[in-house]
Amino acid sequence: MSKPNPTDLKYTNEHEWAKDNGDGTVTMGITDHAQHLLTDIVYVELPALGKQVVQGKQAAVVESVKSVSDVYAAVSGEVIEANTALEGSPETVNQDAFVAGWIMKIKMSAPAELGNLMDAAAYDAFIAESH
Amino acid sequence: MLKTPLYDRHVQLGGTVIDFGGWGMPVQYTNVVEEHRTTREKAGLFDICHMGEFQVTGPDAFAFLQSVVSRNLEGQEVGQMKLSVITNERGGIIDDLTVYLMSPERYMVVTNAGTKDKDFAWFLKAKADKGYANVEIKDVSAETGKLDLQGPLSEIILQPLVKDDLAPLKFYYAMETEIMGKPGIVSRSGYTGEDGFEIYAPWDFIGTVWDKLLELGAPYGLKPIGLGARDTLRLEAGMMLYGHEMNEDITPLQVVYGWVTNLEKPFIGSDAIRHEKEVGLSQKLVGFEMVDRGIARNDYKIFKDGQEIGRVTSGTFCPTINQAVGLGFVPMQFRDVGTEIEIQIRDKMAKARIVKLPFYKREKV
């Protein structure tokens, strides 16, 4: 039911995706699997620009009608952009979690952390296991 | 985990089953927003078998109930449903429940699921304390199945299953009839703010009724609806939920149950409530809508000018009005419609405004 996990992205075990932009920055969001579990997303609390985030620590919040879920930073660094389009249309995360539903862009402080993340095949297996 | 007769059907229908007060109940089948809209626009079917039903019968039934519930039952017509509360000696709400007069000296009382056992114990204790010999109180929850069919198309979907004509049945009235050939009760009432019915049929037959309704209702867009949408629907309609807006330390005057509380007659708790009315209330439940972005949730703090003044009891994003709203308690001086308050959402203060309840009201045809 969920969309396939793109092979050019990396994944966390909290169901975030991260895209290495190749310029020291990473764009991240939550996976299609995550939006599927959350269902109707009605609010996204974006991080403030300039906020220092730490890999695996809370960086944003996604709320469905019935639940509040933390979004954890896929990498450590400084938030340099947030997807303000989600303020008016949070449902974009449901519709297009991997592209238009991106949440923030982080300037990495420790690029080696990318190595802690799963590739698509490992994430596929991780999802299958947790079922 | 307790299971209703429909448990396997919920799983089969793809429902996400959660523990709700000890019962395995579907919180959603697809998603809350979709199920909410289906109910408002077409019709939704809810498994409510977990709720409690008591039979109260005998020559003392009226006098007994009159001494326990807050509503005045005098003049109640056969079939009429009266929403009420039962309170402790301090006026605190033990439960909110509905009282139906089914025939002279025979009542049906419908309670919340999580409070059913304490309600029953309370009834038995009150009967003993007050010495009513000629009333029998029977917990028939285990043999009584209940479905709620809610939404504008409910009547047209339900009619073929029911022996009697539904059209003349008024809101807050019930009738004993046959449902698919078996004895049952159909009440025009509900917990969504829409037209609709609460349907009572034997526990071991309710699955057959559920299946038939889903089959007949499919062309009209009828869907099964989980507890998630039940909660957004009731909140949008300004209805309260026991355990959130009500508990044994909260009186009916503090919430929106003044209208079901008759202080002209004595009932357990009435002295305390009358006293509270004389000296003035300490707090009042209000409805608010978010002005800033953000969603208030149960137990978030309410502030006014930097001072903490109360707590949110229910809050969510309501699909039909497309607005984040909530209910919460504030001191009396802040209860007026239009008052600006702030809700602490994580580390931020978000502006909200007290508004008139309900948040949503259906247009009556």
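Cut-offs applied
- Residues numbered from 1 in each chain as written.
- Chains lettered and ligands numbered in written order.
- Predicted model: local features only at pLDDT ≥ 70, side-chain atom pairs only at ≥ 80, totals over all residues.
- Heavy atoms only, no water.
- UniProt positions renumbered as here; feature names shortened; annotations may be inferred.
- Helix = DSSP H or I, 4+ residues; strand = E, 2+ residues; numbered from the N terminus.
- Contact = heavy atoms within 4.5 Å.
- Buried area = accessible area lost by both parts, 1.4 Å probe.
- Salt bridge = Lys/Arg side-chain N within 4 Å of Asp/Glu carboxyl O.
- Polar contact = N/O pair within 3.5 Å; in protein donor to acceptor, adjacent residues only side chain to side chain.
- Domains from an automatic or database assignment.
- Nonpolar A, V, L, I, M, F, W, Y, C, P; charged D, E, K, R; others polar.
- Core = buried A, V, L, I, M, F, W, Y, C linked by side-chain atoms within 4.5 Å.
- Buried < 20%, exposed > 50% of the residue type's maximum accessible area, 1.4 Å probe, protein only.
- Phe/Tyr/Trp six-rings, centres within 6.5 Å; stacked < 30°, edge-to-face > 60°.

Visitor: Is there a simple way to think about the UniProt feature "domain: Aminomethyltransferase C-terminal" (unreviewed entry) in chain B in this case?
Guide: Within the UniProt annotation, "domain: Aminomethyltransferase C-terminal" (unreviewed entry) is assigned to residues 284-361 of chain B. Annotated as 0% helix and 58% strand, the span residues 284-361 of chain B places its first and last C-alpha atoms 22 Å apart.

Visitor: Would you mind going over the interface of chain A and chain B with me for this structure?
Guide: Listed per partner, the contact involves 14 residues of chain A and 17 residues of chain B. Both sides of the chain A and chain B interface together cover about 1400 Å² of buried area, and 50% of this is carbon and sulfur. The largest contributions to the chain A side of the interface with chain B come from Tyr-43, Val-65 and Lys-66 of chain A, which together make up 39% of the buried area. Inspection of the region where chain A meets chain B yields four salt bridges. For the salt bridge of Arg-346 of chain B with Glu-63 of chain A, the shortest nitrogen-to-oxygen distance reads 3.0 Å. Applying the counting rule to chain A against chain B returns eleven residue pairs in polar contact (both at pLDDT 80 or more). At the level of elements, β4 (41-45) and β6 (58-64) of chain A are the ones that each hand at least two residues to the side of chain A that touches chain B.

Visitor: I would appreciate a short explanation of the domain arrangement of chain B in the present structure.
Guide: Note on interface size: it is often stated as the accessible area lost on association of the parts. All names here are of chain B. In terms of domains, chain B is made up of domain 1 (7-49 + 142-236) and domain 2 (283-355). The C-alpha-based centres of domain 1 and domain 2 are spaced at 31 Å. In total, about 740 Å² of surface goes out of reach between domain 1 and domain 2, with carbon and sulfur atoms giving 68% of it. Counting the contacts that link domain 1 with domain 2 gives zero salt bridges. At the boundary of domain 1 with domain 2, the tally comes to five residue pairs in polar contact (both at pLDDT 80 or more). For the side of domain 1 that touches domain 2, the secondary structure elements donating two or more residues are α2 (32-41) and α7 (227-236). Here the side of domain 1 that touches domain 2 is built from residues that sort into two nonpolar, two polar and four charged.

Visitor: I keep staring at the nonpolar core and nothing clicks. Help me out?
Guide: Nonpolar side chains in soluble globular proteins generally cluster together in the buried interior. In this structure, Tyr-100, Phe-288, Met-290, Ile-341 and Ile-343 of chain B are the most contacted members of the largest nonpolar core, which totals 38 residues. Looking at which domains feed residues into this core, each of domain 1 (7-49 + 142-236) and domain 2 (283-355) of chain B supplies at least three.

Visitor: When you look at the packing of aromatic side chains in this model, what are you seeing that I'm missing?
Guide: One pass over the structure, following the stated rule, counts eleven aromatic pairs over all chains. With a centroid separation of 6.4 Å and 55° between ring planes, the pair formed by Trp-17 of chain A and Phe-98 of chain A is classed as tilted. Here Phe-98 of chain A lies in the loop between α3 (92-95) and β9 (104-108) and Trp-17 of chain A lies in strand β2 (residues 16-20), a separation of 81 residues in the sequence. The exposure class assigned to Phe-98 of chain A is buried, which follows from its relative accessible area of 11%. On the basis of an interplanar angle of 75° and a centroid distance of 5.7 Å, the ring pair of Phe-64 of chain B and Phe-123 of chain B is categorised as edge-to-face.

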